[in-house]
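# Breakdown of the fold
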Amino acid sequence: MEVIIQRDARSASLLAANLIAKEIRTKPSLVLGLATGRTMESVYLELVRFHEEEALDFSLCRTFNLDEYVGLAPNDTHSYRHFMNIHLFNHINIDKRNTHVPNGLARNLGEECQAYENRISDCGGIDLQLLGIGVAGHIGFNEPLSALRSRTREKALSPATIAQNAPLFASPDQMPRRGITMGVGTILESRRCLLLATGAEKAAILAQAVEGPITAMVSASALQLHPSCRVIADEAAAAKLRGTDYYRWIFQNEPEWAEFR
Ligand code: F6R
């Protein structure tokens, strides 16, 4: 794992977007795993800007989102499919047939989850998985005690996730109580992972995920097992990390980061 600390949320999002853009330029048919949520909005804003100003080309990209609410139609304004359309897909030259979000309305959710796993394999696996972190440590909707080898499945949302996301709904009880999510095991199979955390409310859980023990109670801690995982945090989210001097030293000294310093 590598931890990169940036001055503020804007620079952290910009660095995340730059890393994604670099991967797309290197491999135009990149299989990109995507996340939703407030943290991602500014990353997608930068990617749209790169598309408009620098002709970043998404035409051959394939994407897989981590999760979706059970019971919401794709055109529901609270669905993650809708989030992706309005924040990214509608503004870039991606073929929407190559964008995948689990179907929260599937009649047989078990079959939908297996089919989602199959679609990922058919595309050759995920090259780069973008991740946020929930206040209780989830990645995707992998709530506390999600098995470290879990696969795409239906999951009950935890009270912490309901409290985190309910304010986004007109009334809190409109928020679905279940989601479909890639499993922790599915995420760990991505070739590279990139987790972005910004804001003081993520500081305590980020420290547990990065420097604490690997535990199913904090799904993001499983990323310590991943052979190629980068964590980008702004100063506020990094505030409770103990190893910040070391992480800054790596960023200043590793040649791979020269172009981003
Ligand atoms: C959503 C997802 C979640 C979010 C996390 C942080 O697709 O994967 O794990 O990344 O809940 O959400 P925000 O960014 O709203 O704090």
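Refer to the structure presented above.
Note that the structure is a prediction, hence the values are computed from the model and not measured.

Once that is clear, we can look at the overall build of the protein. Per the secondary structure count, the protein includes eight helices and ten strands. For the protein, the C-alpha atoms occupy an extent of roughly 50 × 40 × 35 Å along the three principal directions. Going through the 261 residues of the protein one by one, you find that 56% of them count as buried. Partitioning the intrachain contacts of the protein with sequence separation of at least 6 by distance along the chain shows that 79% fall at a separation of at least 24. Averaging the coordinates of the 27 positive side-chain charges in the protein and doing the same for the 30 negative ones gives two points 2 Å apart.

Turning to the pairing of strand β9 (residues 192–197), a few remarks are in order. With respect to burial, β9 is a largely interior element, five of its six residues being buried. Two elements, strand β6 (residues 128–131) and β9, share four bridges in a ladder whose sense is parallel. By the bridge assignment, L131 is partnered in β9 with L195. As paired elements, β9 and strand β10 (residues 229–234) share five bridges and run parallel to each other. Looking at the pairing, L194 lines up with R230 of β10. Handedness of the crossover joining β9 and β10 through helix α7 (residues 203–211) is recorded here as right-handed.

As a further point, take unusual backbone geometry. A positive phi is found at A55, a non-glycine position, where the angle reads about 55°. Mapped onto the secondary structure, A55 falls in the loop between α2 (38–54) and β3 (62–65). For L145, which is not glycine, the phi dihedral falls at a positive 80°. Tracing the sequence through the fold places L145 in the loop between β6 and β7 (153–156).

Position of R81 relative to the elements: it lies in helix α3 (residues 80–87). Although R81 is buried, it makes no salt bridge; E68 carries the closest opposite charge, 6.4 Å away. Once you skip the residues sitting within four places of it in the chain, R81 turns out to touch E68, P74, F89, T99, H100 and V101.

Our focus in this paragraph is the packing of aromatic side chains. For any two aromatic rings, the description comes down to two numbers: the centre-to-centre distance and the angle of the planes. Overall, the coordinates contain nine aromatic pairs when judged by the stated rule. An aromatic cluster is present here, built from Y69, Y80, F141 and F169 joined pairwise through their rings.

Bringing the site of the ligand into the picture now. The local shell around the ligand holds 16 residues, among which T36, T39, D67, H138 and K202 are the closest. A distance of 2.4 Å separates an oxygen atom of the ligand from a polar side-chain atom of T39. Separating an oxygen atom of the ligand from a backbone N or O atom of G140 is a distance of 2.9 Å.

Inspection of every chain in the model, using the stated rule, returns 17 salt bridges. With a shortest N-O distance of 2.7 Å, R97 and D95 are connected by a salt bridge. Judged by relative accessible area, R97 falls into the exposed class, the value being 69%. We classify D95 as partly exposed; its relative accessible area is 25%. Linking R151 and E117 is a salt bridge whose minimum nitrogen-to-oxygen distance equals 2.8 Å. Placement of the pair is R151 in the loop between β6 and β7 and E117 in helix α4 (residues 109–122), with a sequence separation of 34 residues.

With that settled, the discussion passes to the packing of α2 against α3. In the contact formed by α2 and α3, the axes pass within 10 Å of each other and the chain directions differ by 40°. Classed by the angle they form, the pair α2 and α3 counts as oblique. Across the interface between the two elements, E41, Y44 and V48 of α2 pack against F83, M84 and H87 of α3.

On to the sheet that holds strand β4 (residues 67–69). Ordered by their spatial adjacency, three strands build an open sheet running β4-β8-β7, and the pairing between neighbours is antiparallel. Every interior strand has two partners, whereas the edge strands, β4 and β7, have only one. Averaged over all adjacent pairs, the angle separating strand axes in this sheet is 30°, with direction ignored.

Turning to the state of the cysteines, a few remarks are in order. Under the counting rule described, the total for this entry stands at zero disulfides. Between C113, a cysteine without a disulfide, and C123, which holds the nearest cysteine sulfur, the sulfur-to-sulfur distance is 17 Å. With a relative accessible area of 4%, C113 lands in the buried category.

Definitions and cut-offs
Residues numbered from 1 in each chain as written. Predicted model: local features only at pLDDT ≥ 70, side-chain atom pairs only at ≥ 80, totals over all residues. Heavy atoms only, no water. Helix = DSSP H or I, 4+ residues; strand = E, 2+ residues; numbered from the N terminus. Buried < 20%, exposed > 50% of the residue type's maximum accessible area, 1.4 Å probe, protein only. Contact = heavy atoms within 4.5 Å. Lys, Arg positive; Asp, Glu negative; His and termini not counted. Charge placed at Lys NZ, Arg CZ, Asp CG, Glu CD. Pairing = 2+ DSSP bridges. Right-handed = clockwise from strand over helix to strand, strands pointing away. Salt bridge = Lys/Arg side-chain N within 4 Å of Asp/Glu carboxyl O. Phe/Tyr/Trp six-rings, centres within 6.5 Å; stacked < 30°, edge-to-face > 60°. Near = heavy atom within 4 Å. Polar contact = N/O pair within 3.5 Å; in protein donor to acceptor, adjacent residues only side chain to side chain. Axes fitted to C-alpha atoms, helices over the stretch in contact; angles between N-to-C directions. Parallel < 35°, antiparallel > 145°, perpendicular 65-115°, else oblique. Disulfide = S-S within 2.5 Å.

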